[in-house]
Amino acid sequence: MDRIKKRWKYGAWAVIITVLGIVLAVAAVLLSDRLTERFDLRADLTANDRYALSGESVSWLKKLDQDVKITVLVGEEDMATGSYYIVQAYQNLLDYERNSDRVTLEFVDITENPTFVSQYPDLELNAYDIIIESGENQEVLSFQELYDYDSTGSQITASRVEQKVTGALMTVTSGEKTRVTILTGYGDTAPEDLTTLLEGNQYEVTQSSLLTEEIDQEAQAAVLFAPQNDLEEDSVTKLSRWLNNNGEQGKSLFVFLDPNAGSLPNLEALMKEWGLSAEDGYAFESRSSLYYKQIYYPVAQYADEQFASEMTANDITIMALCRPVDVLFEEQDGYETSVLLDFSDSSGKVTLDAEQITEDMITGDAKGMVMSTHSLYGSDVTSSNLVVSGSALAFTGTLVSGTTFANGDYILGVFDQLTGRETSVNIPVKDLTSAVHNMTSSRTYAYSWIFLAGLPAVMLVAGMVVWLRRRHR
């Protein structure tokens, strides 16, 4: 009898301990869930932090001193349990409210609340649009513009959610956009990646044909990107007239050259008037540690600290296939020139017809980007700027849109300073092409029951088996 009582005693304790273990496990899960929700105890373990805001956006949000409302025209449950791309956008949007007390995030399902859009009679609104507003300033982002797509247009490849939303926040809190016009008509290449960079930082980008139109007078900056043909004299006159702006100036012209286009006499004459020049050929770097993959992709040196104040020693700008440019004087007739980007003392220049690099070509004086400022002195000092980059290729593709190189950060900083904008935040796109583990609502529901009910049940059965086996020994 004592032996039986002892077995029952041990068995009872085993059951009690098992049940207590289950209760504690469930309590721990529920407590961790509450703590995560209350104190935002989350960590994004993806390779490119696709679910979390970058440090640049967080830093900007910490300084935000105006109230901003973000309204997403879809139910929150639909976003939280939608496709992988929608969930990625949802998590990014949540981070804005988490990182600033000034940001209010609201979800409105317009299929259930169709009268909501009547509050915005001047806007064309659709499901999944995002309205960002501060005071009377408003920006609307459509779902389509939040992503990049493959060549077929059917597959999402990258997310611009953070880039677009942070840019829109900056716009509604500043109250205005800086306008940049792209100049066309001379076989020039469309600067799609540069345009995306500017628009992503809430520049307004327009287009003007130098051949048939006047240059956009409302634009503070104009871009002539990789012209393949020389400008007609009438077009050069348009540029000079636009830069002068009836004596008020305040304009900046950016010229990005393609070395393969060869000599452009009329355009180069305008540059010469401003104290700038361009030589035929390519700049190269002979030291292997100072070029990327090939000698014609040299690493630029930040010659003017004013435009490199945000750059660090780790920020590498590659001036790919760069036509050598230079300044003709420092100051003359109201013009003041400066070198923005040059190369090391082991750099040089090679002509297009050269068959090989020789020692005498290493001159150490190659330059990649130069600028001239023309000032008029009256009751007020007014200035316009001409910036010439020897490389157009440096501001295309991943050189300007990726995170490996600082080309995008650098040129954006130059635009910001010359147009008088506050410093922009260059948010790179987030690659979404890598394989992911999709957590659909049904899968989330199943996993929840497995851990909250299934696992404890298994533990209970195991405890009972152990107890029964001990009892019948």
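For the structure, see preceding data.
An account of the accompanying structure is given in this report.

The rules behind each value
Residues numbered from 1 in each chain as written. Predicted model: local features only at pLDDT ≥ 70, side-chain atom pairs only at ≥ 80, totals over all residues. Heavy atoms only, no water. Helix = DSSP H or I, 4+ residues; strand = E, 2+ residues; numbered from the N terminus. Contact = heavy atoms within 4.5 Å. Core = buried A, V, L, I, M, F, W, Y, C linked by side-chain atoms within 4.5 Å. Buried < 20%, exposed > 50% of the residue type's maximum accessible area, 1.4 Å probe, protein only. Expected span 1.5 Å × (residues − 1). Pairing = 2+ DSSP bridges. Axes fitted to C-alpha atoms, helices over the stretch in contact; angles between N-to-C directions. Right-handed = clockwise from strand over helix to strand, strands pointing away. Phe/Tyr/Trp six-rings, centres within 6.5 Å; stacked < 30°, edge-to-face > 60°.

**Focus on the overall build of the protein chain**
Check the secondary structure of the protein chain and you find 11 helices and 20 strands. A separation of at least 24 residues holds for 73% of the contacts in the protein chain among residues at least 6 apart in sequence.

**Focus on the nonpolar core**
Among the nonpolar cores identified, the biggest contains 38 residues, and V223, F254, F256, F395, Y410, I411 and F415 are the most heavily contacted of them. Contributing elements (two or more residues each) for this core: β7 (178-184), α6 (192-200), β8 (203-209), β9 (221-225), β10 (252-256), β16 (335-342), β18 (367-377) and α10 (407-419). Residues within four places of F415 in sequence aside, it is in contact with V180, L198, Y203, A221, V223 and F254. Y84, L94, Y147 and L432 belong to the second-largest nonpolar core, a separate cluster that totals 36 residues.

**A short note on α10**
Compared with the 18 Å implied by 1.5 Å per residue over 13 residues, the 18 Å span of α10 between its first and last C-alpha is a close match. Three or more residues of α10 are buried, namely N407, G408, Y410, I411, L412, V414, F415, D416, L418 and T419. Residue G420 follows α10 closely and has a positive phi angle near 75°.

**Section: the sheet that holds strand β3 (residues 130-134)**
Spatial strand order, β2-β1-β3-β4: 4 strands in an open sheet with mixed pairing. Edge positions in the sheet fall to β2 (103-107) and β4 (137-141), since each of these pairs with one other strand and no more. On average, each strand axis in the sheet is tilted by 15° relative to the strand beside it, whichever way the strands run. In this sheet, β2 lies alongside strand β1 (residues 68-72) in parallel orientation, the contact comprising 5 bridges. Following the sheet pairing, T71 is matched in β2 by E106. Each of β1, β2 and β3 is contacted by helix α4 (residues 84-98), which is oriented at about 140° to β2, the strand it contacts most.

**Overview of the pairing of β8**
Burial within β8 is extensive, with 5 of its 7 residues counted as buried. Looking at chain direction, β7 and β8 are connected through 7 bridges and run parallel. Directly across from V180, in β8, lies its bridge partner V205. For the segment spanning β7, α6 and β8, crossover handedness is right-handed.

**A closer look at the packing of aromatic side chains**
Summed over all chains, the structure comprises 15 aromatic pairs. Arranged with centres 6.5 Å apart and planes meeting at 10°, the rings of F254 and F256 form a pair that is stacked. Overall, the relative accessible area of 1% leaves F256 in the buried class.

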